[in-house]
Amino acid sequence: MAFFSLPSSTHPIHPAQVRCSALKPLIYSSSPGFFSHAFRPTRVTNHKTHAEASTCKAQNADHHQNPSTDDSITSSKSNSSKTSAGQFERRDVLLGLGGLYGATTLGTKQSSLALPVTPDISNCTDARDTPNGIPINCCPPSAASYSDYTPSAREVYTRMPAHTVSHDYVKKYSSAIAKMKNLSLSDPRNFYQQANVHCVYCDEGYSQSGFPDKKLDVHSSWLFFPWHRWFLYFFERICKNLLDDDTFTLPFWQWDDSSGMQIPPMFNDSKLSLYNCIRNPKHLPRKVVDLAYKGTDSGIDPKTQIQYNCCTMYTPMITHSSAPALFFGHPLLGGGDPDPGAGSIETEPHNNVHDWVGDPSEPNNEDMGVLYSAGRDPIFYAHHANVDRMSYIYNNVLKRKNIEDPDWLNSSFIFFNEAGRPVRVTVKDSTNLTKLGYTYPDLPLSWLDRKPKARRKGLNLTKVSAPKASEVLPIKLEKPISFVVERPKKSRSGQEKAEAEEVLKIKGIEFDKGETVVFDVFVNEDDTTKCNPCKAESLGSFHTLAHGHGKKSTTSRSFAISEVLEELGADDFDSILVILVPRRGVVTIGGVEITFVPKP
Ligand code: C2O
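Computed from a prediction, not measured in an experiment: that's the story for all the values here.

K.L.:
What's the story with the overall build of the protein chain in this structure? I'm lost.
P.N.:
On a plain count of helices and strands, the protein chain comes out with 16 helices and 17 strands. Taking the contacts inside the protein chain whose residues are at least 6 apart along the sequence as the reference set, 78% of them involve residues at least 24 apart. A total accessible area of about 22100 Å² is found for the protein chain, and carbon and sulfur atoms account for 51% of it.

Take a look at the structure:
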C-alpha cells in the first residue's frame, strides 16, 4: 500500500501522525496508539501572544538609513486607491486591439469564445510522485453527480483574529476539528479528506470539463482567490454543522498586523486538535513571521522584521494591485495550461507564509510548505482566512474592483457541503460576502502608510553599460543579472496613469512545480545588498510554492511600476534597469516586457 493511500478502516490514520511518531520520537510523549487521546506531541510551546511591542507606524524600518527619513513617509492611500471608469473594452485588450494599451498581454486569451473553467470530477488521477519518491494519493471520495448551489445566508457572522478569541472559542474550534478528524475516512467531511480536496485542486487531480487533456490547478491564476474562498466556506459550514452552531466562524491569522505576526497560540497548544507537529521548530512563538521569507532566516531583529513585514504588505496590497488582473492573477480559461501567473498576494506573502511554517527537515517541507499536504495543518485554514480577508480589504477598504470578465465569473468548482454531498458553485456567487453569511471586522491596517521610499532618487542607471534585455534573455538564472528594458511610453499624464497601470511583466518563467522557486526583482538599483522591502527599488519576488509533483511549467510575474518610477524620480527615463537575483530553486527566464494594463 502506498504511504499516503487511505486505509479502508474507519479510523483515520493521518500520514502526519505516522511521520510524527516514526521520525520524531523524541518530541512526543509515549503514545499507546495513533487514535488515542494520549497522542500528544509535546514540543515546548510558549503561549505569550504578542510580538515585541512594535507597530508599523512606530519604528524606523531601515537599517541603512538615517531615522529622519521616516518622517517623510506619507500615506499614499488616496493616490493608489483611485479608480476611474473603464476605458477599455475587455476583449479588445485581451485580443490586442485596444490602441496603445492594447499591447498588453497580461492574459492568454486568444479567442472571444466563452471559456469558463469547470473541473471534471468524474475522473480523479492521483498526482504523480513527489520529487523524492513519496507517492501522493489525494483523490477525495469519488462523486458521480453533483447539484448546483447558490448561497443565500440569512445572517452575517464575523470572522475574528485567531490571537484575540476567547478560551471558549478555542475549545469550540478545536472540538470541531477533532470531530472532523474522527469522521470516517469515507466521509468527505473528514479533516484529511478536506485536505485532499485542496491537494486534488493543486496537484492536477482533475481535468477541465470539455478538455480531457488539460489538467486543473487553481493556483497561479485568477482562480486562486475564489477557489480558496469557497473551500473555506464549506470547511466553515462543516464545522458549524458538527458543532450544531450556526454562529461559529473560522478564525483568521492576522499576520498583517504586528500583534498577530507569529503563530497564533491556539495552533501551538499540543493539547488541542488545532496543533500540528510538522512545522519548522525555529518558527514557533514568539518568532516573528517573515512575510518575505525565501527559505532562510534573515536573522534581523524582531522590531525590524515587523517593519519589513509592513512594507511587504503595502507592496502587494497597494502598489501591485492597482488593476484587478494584477491583484487576482492572470486569466485561466477553459482549455488553458495551468499557471498563467499568480496575483500579487498569492505570490507574496501567501506563499512565503506557507514556506515559513513548513518543516524543512521533512522531505518536501511538509505540511504547510508544499501544496499537496498544506491542508493537513489546521493553521492552513486560518492562514487562508487572512488571505481571503485581503480580498475583503481590497474591495471594502481600498475600494478596488473585482474582475468583470464573464469567464472568471462563470468559472465553477465542486466541493463537498456540510452534508458531505458534492455541490457546484460559481465564482460570481463568491463575490458577495453577505450572501455567503460572513464578514471581517474593520481593523486598523498599519501597513497602509508604509509606502516604500527610494533608496536613492533620480539615479539614471540605465545610462551605465547594462545590456538590453534581448541580449541577455532567455537565460537560466544562476547568478544575479541586470538588463535594460525600453519603456513604450514615458512621462504619462495623470489621466493616462489613472486609466492604465505601467507593468513590468517577466514572462516565459520555466520552473519545476516540485520545488519552491524564488528570485528577487529590483529596478534601478546597483547594489541590491543595500536594499530591503521598505525601499522602492525592491519590486518584490517571484515565489512559487512546491506542489506534490515535479512537473515542468511556464508562468509569468507582473509588477506595477507607475508609482515606483515616480518615487524613484525615474518617470521621464526612456528605460528601466531590471535586476534579477536568484534565491532558491532552478529557474529560466524567457523574456520581459513593459505593458499597460487598464484600470477599471
Ligand atoms: Cu491552495 Cu495556500 O494554497
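Still to come is the rest of the account.
K.L.:
Would you mind going over the side chain of R492 with me for this structure?
P.N.:
Here R492 is to be found in the loop between β10 (481–486) and α15 (494–499). An unpaired buried charge is present at R492: no salt bridge exists, and E502, the closest side chain of opposite charge, is 4.4 Å distant. In this structure the side chain of R492 is engaged in a polar contact, spanning 3.3 Å, whose partner is the backbone oxygen of E496.

K.L.:
Explain the nonpolar core to me, please; I cannot follow it from the model alone.
P.N.:
One broad trend across soluble globular proteins is that nonpolar side chains are buried collectively. Counting 97 residues, the largest nonpolar core has Y173, Y201, M317, F413 and W447 as its most contacted members. In terms of residues, this core owes the most to one element, helix α6 (residues 224–243), which gives 13 residues. Counting residues in hydrophobic clusters, the runner-up holds 33 residues, among them V472, I509, V517 and F519.

K.L.:
Any chance you could explain the packing of α6 against helix α11 (residues 379–396) here in plain terms?
P.N.:
The contact between α6 and α11 brings their axes to 10 Å, and the two run at 130 degrees. Classed by the angle they form, the pair α6 and α11 counts as oblique. Classified by chirality, the crossing of α11 by α6 is left-handed. Within the contact between the two elements, α6 uses F224, F225, H228, R229, F231, L232 and F235 and α11 uses F380, Y381, H384, A385, V387, D388, S391 and Y392. Residue classes in the contact of α6 with α11 are distributed as 10 nonpolar, 3 polar and 2 charged.

K.L.:
Please clarify how the state of the cysteines should be interpreted in this entry.
P.N.:
Here, the word disulfide means a covalent bond between the sulfur atoms of two cysteines. All told, the structure shown has 3 disulfides when counted by the stated rule. Disulfide pairing places C138 opposite C199 at an S-S distance of 2.1 Å. Here the S-S torsion is close to -70 degrees, and the disulfide linking C138 with C199 is therefore left-handed. Of this pair, C138 sits in the loop between β1 (119–120) and β2 (147–148) while C199 sits in helix α5 (residues 191–202), placing them 61 residues apart in sequence. The residues C138 and C199 share a single accessibility class, namely buried.

K.L.:
Hey, could you run me through the packing of aromatic side chains in this one?
P.N.:
To describe a pair of aromatic rings, one takes the distance between the centres and the angle between the planes. All told, the structure shown has 36 aromatic pairs when counted by the stated rule. Where W230 meets Y233, the ring centres are 5.2 Å apart and the plane angle is 90 degrees; that geometry is what we call edge-to-face. In this pair, W230 and Y233 are both assigned in helix α6, 3 residues apart and thus about one turn of the helix distant. By the burial criterion, W230 is buried, and Y233 matches it.

K.L.:
Please explain the sheet that holds strand β13 (residues 538–543) as it appears in this structure.
P.N.:
Sheet strands pair by backbone hydrogen bonding; their relative direction is either parallel or antiparallel. One open sheet holds the 4 strands; their spatial order is β10-β15-β12-β13, and the pairing between them is antiparallel. The strands lining the two open edges of the sheet, one partner per strand, are β10 and β13. Each neighbouring strand pair of the sheet contributes to a mean axis angle of 25 degrees, computed without reference to strand direction. The pairing of β10 with strand β15 (residues 575–584) spans 6 bridges and is antiparallel. Counterpart to V485 in the pairing with β15 is I576.

K.L.:
Is there a simple way to explain helix α9 (residues 344–357) in this structure?
P.N.:
Think of an α-helix as 3.6 residues a turn; residues three or four steps apart then line up on the same face. A rise of 1.5 Å per residue sets the reference length of α9, with its 14 residues, at 20 Å; its end C-alpha atoms lie 20 Å apart and thus fit the reference within 8%. Along its length, α9 shows its largest kink, about 30 degrees, at H350. Counting buried positions along α9 yields 14 of 14 residues, so the element is predominantly enclosed.

K.L.:
Even after reading the chapter, I still don't get the pairing of strand β5 (residues 211–215), so can you show me in this structure?
P.N.:
Where a strand is regular, its side chains alternate between the two sheet faces. As judged from the 2 bridges shared by strand β4 (residues 207–208) and β5, these two strands associate in the antiparallel manner. Paired with S207 across the strands is K215, a residue of β5. The turn joining β4 and β5, which pair antiparallel and follow one another in sequence, is formed by 2 residues; a positive phi near 90 degrees is taken by G210.

K.L.:
Can you help me understand the pattern of salt bridges in this one?
P.N.:
When charged atoms on two side chains of opposite charge get close, those side chains can pair. Counted by the stated rule, this structure contains 34 salt bridges. Across the pair R583 and D520 runs a salt bridge, and its minimum N-O distance is 2.5 Å. Pair noted here: R583 is in strand β15 and D520 is in strand β12 (residues 518–523), with a separation of 63 residues, a long-range link. What makes D520 buried here is its relative accessible area of 5%.

K.L.:
Quick question: what am I supposed to make of α11 here?
P.N.:
The end-to-end C-alpha separation of α11 is 25 Å, in line with the 26 Å expected for 18 residues at 1.5 Å each. Here α11 lies mainly inside the structure; 16 of its 18 residues are buried.

K.L.:
Looking at this structure, I do not really get the confidence of the model for the protein chain. What am I missing?
P.N.:
The pLDDT averaged across the protein chain works out to 83; a share of 80% of its residues lies at or above 70. In the predicted structure, residues 1–18 sits below a pLDDT of 50 and forms 47 contacts with residues beyond four places in sequence or in another chain. Every residue in residues 20–54 scores below 50 in pLDDT, and together they form 78 contacts with partners more than four places removed in sequence or on other chains.

K.L.:
What is the right way to look at the sheet that holds β4 in this model?
P.N.:
The strand order β1-β4-β5 describes an open sheet built from 3 strands, whose pairing is antiparallel. Each edge of the open sheet carries a strand with a single partner, namely β1 and β5.

K.L.:
Before we go on, may I ask you to explain the environment of K476 in this structure?
P.N.:
Looking at the element boundaries, K476 is found in strand β9 (residues 475–476). For K476 and I589, which are 113 residues apart along the polypeptide, the C-alpha to C-alpha distance reads 6.3 Å.

The rules we used
Residues numbered from 1 in each chain as written. Predicted model: local features only at pLDDT ≥ 70, side-chain atom pairs only at ≥ 80, totals over all residues. Heavy atoms only, no water. Helix = DSSP H or I, 4+ residues; strand = E, 2+ residues; numbered from the N terminus. Contact = heavy atoms within 4.5 Å. Areas by Shrake-Rupley, 256 points an atom, 1.4 Å probe, with all protein chains shown as cover. Buried < 20%, exposed > 50% of the residue type's maximum accessible area, 1.4 Å probe, protein only. Lys, Arg positive; Asp, Glu negative; His and termini not counted. Salt bridge = Lys/Arg side-chain N within 4 Å of Asp/Glu carboxyl O. Polar contact = N/O pair within 3.5 Å; in protein donor to acceptor, adjacent residues only side chain to side chain. Core = buried A, V, L, I, M, F, W, Y, C linked by side-chain atoms within 4.5 Å. Axes fitted to C-alpha atoms, helices over the stretch in contact; angles between N-to-C directions. Parallel < 35°, antiparallel > 145°, perpendicular 65-115°, else oblique. Left-handed = near helix turned anticlockwise from the far one by under 90°. Nonpolar A, V, L, I, M, F, W, Y, C, P; charged D, E, K, R; others polar. Disulfide = S-S within 2.5 Å. Phe/Tyr/Trp six-rings, centres within 6.5 Å; stacked < 30°, edge-to-face > 60°. Pairing = 2+ DSSP bridges. Expected span 1.5 Å × (residues − 1). Bend = angle between axes of the 7 residues up to and from the residue. pLDDT = per-residue confidence, 0-100.

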